[in-house]
Amino acid sequence: MKMIKYLFVFLFLNSVNAHADALSEWTLVPNESSISFTATQNNAPVTGTFKEFTAKIVADPKNYQNSSVDVVVNMNSLTTSYAEITSILLGSDWFNAKEFPKAEFKSTKFTKKDDKNYEAVGTLTIKNKSLPVTLTFTAVESPKDHLVVEGHTNLKRLDFGIGQGDWSSTSEIKDEVTVNFKAVATHKQ
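Residues numbered from 1 in each chain as written. Predicted model: local features only at pLDDT ≥ 70, side-chain atom pairs only at ≥ 80, totals over all residues. Heavy atoms only, no water.

A. Summary view of the overall build of the protein. Across its full length, the protein carries two helices and 11 strands. Here the protein holds 189 residues, and 35% of them are scored as buried. At a minimum sequence separation of 6, the contacts of the protein that also span at least 24 residues come to 57%. As presented, the protein carries roughly 11700 Å² of accessible surface, and 55% of it is formed by carbon and sulfur atoms. (Helix = DSSP H or I, 4+ residues; strand = E, 2+ residues; numbered from the N terminus. Buried < 20%, exposed > 50% of the residue type's maximum accessible area, 1.4 Å probe, protein only. Contact = heavy atoms within 4.5 Å. Areas by Shrake-Rupley, 256 points an atom, 1.4 Å probe, with all protein chains shown as cover.)

See the structure below:
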């Protein structure tokens, strides 16, 4: 009976190790990656970019269901075309970056739509508010060991408490915001 237990434990541990080996860890290439958002104010687009973020990416196209991503954004790295807009967005009515210096997306599920198109469901936390979010993206490994992921998601800013006080009205600044991202990563050796 002990022999059967040992055999079971051995087989279980080997299957766990094989599973862990199947997933590959990737290293983000920051100067080739980007996160930006576009909001609408008075029917005109307003775009901002976050210059600093990290990502822990564990993925394998053949085992995409067990992939994971954890992205942490430095909110103080926000930049826009105008210093005044950047200052307002970093302030307490908007991102309140002093009190909430980080935003984070953690995936919980990946779905493959076709050869290159995927969806990642996960939790986005901004200003200590965590909500489910779905990212739609393409993923291409080209050349080998070089992954390029590009995609977007649509959010409602008020769900995260972004734009409070005089800014909470959606008559001038729409509630819907599009977030675009590009992640270039290399296979960890």
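What follows continues from the structure just given.
B. Seen up close, the nonpolar core. Residues Ile35, Phe37, Phe50, Val73, Phe95 and Phe137 are the most contacted members of the largest nonpolar core, which totals 41 residues. With five residues, strand S11 (residues 176–187) is the largest single contributor of residues to this core. Contact partners of Phe50, with chain neighbours within four places excluded, come to Ile35, Phe37, Val73, Asn74, Met75, Ser77, Leu78 and Phe95. (Core = buried A, V, L, I, M, F, W, Y, C linked by side-chain atoms within 4.5 Å.)

C. Local environment of the pattern of salt bridges. Under the counting rule described, the total for this entry stands at three salt bridges. For Glu25, the salt bridge goes to Lys188, with nearest N and O atoms at 3.1 Å. Of this pair, Glu25 sits in strand S1 (residues 24–28) while Lys188 sits in the segment after S11; the two residues are 163 residues apart in sequence, bridging distant segments of the chain. Looking at Lys188, the relative accessible area reads 42%, which means it is partly exposed. Here Glu176 and Lys156 are joined by a salt bridge, their closest N and O atoms 3.0 Å apart. Taken as a pair, Glu176 in strand S11 and Lys156 in strand S10 (residues 146–156) lie far apart in primary sequence, 20 residues in all. The partly exposed category is assigned to Lys156, whose relative accessible area is 37%. (Salt bridge = Lys/Arg side-chain N within 4 Å of Asp/Glu carboxyl O.)

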